[in-house]
Amino acid sequence: MHVATRIDEVRNEITARAQGAPTAKDLMQSVCDLLHERMLKYNWVGFYMLEPGAQPPMLALGAFVGAMTPHTRIPLNQGICGAAASSGKTIVVDDVSKDIRYLACSLETKSEIVVPVFVAGEVAGELDIDSHFSAAFGAEDQALVQYCAQVVGKKLEKSQ
Ligand code: SME
């Protein structure tokens, strides 16, 4: 199947799941399951969410699919995850071995994307995806992952 067709299908399925999920927590697990199952180069998919009231601010591992990671809590000044949450910007790393910020989860990981999740205009967490393939996240992947982060942000907003 052409990658653009697959991405369109997955995007439509995300829209359906966003409407059907009873809670934001259910939706986050469902997004992880779907992306991991359907996007063949997405080998670890998970959410990190800002811990309410933590000082210094801290990201905590939430829903995920893939091998357990040693990084269950990440301060905002560490890792690609910390950089994405503190800047509020999507970060794509084509070769993690060349990025000094990278915190290793698995020796197999070659590339990574981290997309912030916004709730009422503020960063509330992020969607993090690792791939065993170099440069796995092109422009279409970036748009898909940003869409997933956006629907989760909207669901979180509604549950506030
Ligand atoms: N690689 C991330 C850490 C999280 S694991 O990928 C699951 C980072 O550099 O922040």
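Cut-offs used in this document
Residues numbered from 1 in each chain as written. Predicted model: local features only at pLDDT ≥ 70, side-chain atom pairs only at ≥ 80, totals over all residues. Heavy atoms only, no water. Helix = DSSP H or I, 4+ residues; strand = E, 2+ residues; numbered from the N terminus. Buried < 20%, exposed > 50% of the residue type's maximum accessible area, 1.4 Å probe, protein only. Contact = heavy atoms within 4.5 Å. 1 Å grid on protein atoms, 1.4 Å probe; cavity = no way out; pocket = protein on both sides within 12 Å on 5 of 7 lines; lining within 4 Å. Points joined across faces, edges and corners; volume = space filled by probe spheres on them.

## Side note on the overall build of the protein
Next, step 1: Scanning the protein for helices and strands turns up four helices and six strands.
Next, step 2: Along the protein, helices and strands appear, N-terminal first, in the series α-α-β-β-β-α-β-β-β-α.
Next, step 3: Classification of the 160 residues of the protein by burial places 48% in the buried group.
Next, step 4: Contacts spanning at least 24 positions in sequence make up 52% of the contacts within the protein whose residues lie at least 6 apart.

## Some thoughts on empty space enclosed by the protein
Next, step 1: Taken as a whole and assessed by the stated rule, the structure comprises one cavity of 30 Å³ or more.
Next, step 2: Considered as a void within the structure, the largest cavity measures approximately 90 Å³ in volume.
Next, step 3: Lining the largest cavity, in full, are Y48, H71, I74, G79, I80, C81, Y102, L103, C105, E112, D128 and D130.
Next, step 4: Elements with a minimum of two residues in the lining of the largest cavity: helix 3 (79-87) and strand 6 (122-131).
Next, step 5: The biggest single contributor to the lining of the largest cavity is helix 3, with three residues.

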